[in-house]
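Architecture at a glance
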Amino acid sequence: MDLETVKKYLEKGSADNNASTVDGMPSQFFEKFISQGLRVDLIEEGRLLCSMKVPPRLLNAGNFLHGGATASLVDLVGSAVIHTYGVSSTGVSVEISISYLDAAYVDEEIEIEARALRVGKTVAVVSVEIRKKNTGKIVAQGRHTKYLPVQSKM
């Protein structure tokens, strides 16, 4: 593929008539776009179990759950499990890695399980597994490290 074709592919949405609509989206729209339809099935300290049906808006060109949507679920649910320790802010991501092991298709029910491996004073590490609910087959496994803001003692 030549360079100009690559450039056009990446810029194809920037000259769109919807640009003003996109720019007008509310703050944190992306998180809501990804997590709409997510249900919390179990919550306890250090563990969260969620489920959702894969919606059409999260599919890639191959018609299965987009890798970016998968990464966002790892980020969002992984960050949420840190809150189960009473931490008020989960800070910023330091590292996130994901192994994509299978595909999840539209309307397929998936489970997202997050477990806190360590929640310290300044760093938290979580593991997130996304599975097909009816078979238990693993769709993706993620590991997420976050820097926690230091709590003021004043």
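Anything mentioned here points back to the structure above.
To keep things clear, this report deals only with the structure shown in the data block. Only a predicted model underlies this, so the values are computations on that prediction, with no experimental measurement involved.

**Regarding a nonpolar patch on the surface**
On the surface, a nonpolar cluster with roughly 440 Å² of combined accessible area is contributed by Val92, Val94, Val123, Tyr147 and Val150. Mapped onto the elements of the fold, valine 94 is located in strand β3 (residues 92–100).

**Thoughts on helix α4 (residues 67–83)**
In this model, α4 (17 residues) spans 25 Å end to end at C-alpha, consistent with the 24 Å of a helix rising 1.5 Å per residue. Buried residues in α4 make contact with α3 (29–35), β2 (47–53), β3, β4 (109–119), β5 (123–132) and β6 (138–147).

**A closer look at the environment of valine 128**
With respect to the secondary-structure elements, valine 128 resides in strand β5. Each C-alpha atom of the pair valine 128 and threonine 70 lies 10 Å from the other, and the pair is 58 residues apart in sequence. In this view, valine 128 contacts Val74, Gly78, Ile112, Glu113, Ala114, Ala140, Gln141 and Gly142; residues no more than four positions away in its chain are not counted.

**A word on the pairing of β2**
Most of β2 is tucked away, with five of its seven residues classed as buried. As paired strands, strand β1 (residues 39–44) and β2 are joined by five bridges and run antiparallel to one another. Residue pairing in the sheet places isoleucine 43 in a bridge with leucine 48 of β2. Examined bridge by bridge, β2 and β4 share seven bridges and lie antiparallel to one another. Opposite lysine 53, over in β4, you have glutamate 109 as the bridge partner.

**A word on the side chain of arginine 131**
As for its placement among the helices and strands, arginine 131 is situated in strand β5. Here the side chain of arginine 131 touches glutamate 113 through a polar contact of 3.0 Å, side chain to side chain. A polar atom in the side chain of arginine 131 sits 2.8 Å from the side chain of glutamate 129. Sequence-distant contacts of arginine 131, that is, excluding residues within four places in its chain, are made with Leu49, Glu109, Ile110, Glu111, Glu113, Gly136, Lys137, Ile138 and Val139.

**Topic: the sheet that holds β5**
Strand order in the open sheet formed by six strands is β1-β2-β4-β5-β6-β3, and the pairing between neighbours is antiparallel. One side of each edge strand has no neighbouring strand; the edge strands of this open sheet are β1 and β3. Averaged over neighbouring strand pairs, the angle between their axes works out to 15° when direction is ignored. Relative to β6, β5 runs antiparallel, the two being bridged by nine bridges. Residue pairing across strands places valine 126 opposite histidine 144, the latter belonging to β6. In the packing of α4 onto the sheet, the strands contacted are β2, β3, β4, β5 and β6, and the crossing angle to β3 comes to about 130°.

**Remarks on the packing of aromatic side chains**
What characterises a pair of aromatic rings is the spacing of the ring centres plus the angle enclosed by the ring planes. Scanning the entire structure with this criterion turns up one aromatic pair. When the centroid spacing of 6.1 Å and the interplanar angle of 75° are considered together, the rings of phenylalanine 64 and tyrosine 105 count as edge-to-face. Of this pair, phenylalanine 64 sits in the loop between β2 and α4 while tyrosine 105 sits in the loop between β3 and β4; the two residues are 41 residues apart in sequence, bridging distant segments of the chain. According to the relative accessible area criterion, tyrosine 105 is partly exposed, its value standing at 42%. Its guanidinium or amino end placed over the ring of phenylalanine 33, arginine 57 lies 5.6 Å from that ring's centre, counting from NZ or CZ.

The rules behind these values
Residues numbered from 1 in each chain as written. Predicted model: local features only at pLDDT ≥ 70, side-chain atom pairs only at ≥ 80, totals over all residues. Heavy atoms only, no water. Patch = residues over 30% accessible without salt bridge, like charges linked within 9 Å, V, L, I, M, F, W, Y side chains within 5 Å. Areas by Shrake-Rupley, 256 points an atom, 1.4 Å probe, with all protein chains shown as cover. Salt bridge = Lys/Arg side-chain N within 4 Å of Asp/Glu carboxyl O. Helix = DSSP H or I, 4+ residues; strand = E, 2+ residues; numbered from the N terminus. Expected span 1.5 Å × (residues − 1). Contact = heavy atoms within 4.5 Å. Buried < 20%, exposed > 50% of the residue type's maximum accessible area, 1.4 Å probe, protein only. Pairing = 2+ DSSP bridges. Polar contact = N/O pair within 3.5 Å; in protein donor to acceptor, adjacent residues only side chain to side chain. Axes fitted to C-alpha atoms, helices over the stretch in contact; angles between N-to-C directions. Phe/Tyr/Trp six-rings, centres within 6.5 Å; stacked < 30°, edge-to-face > 60°. Lys NZ or Arg CZ within 6 Å of the ring centre and 35° of its normal.

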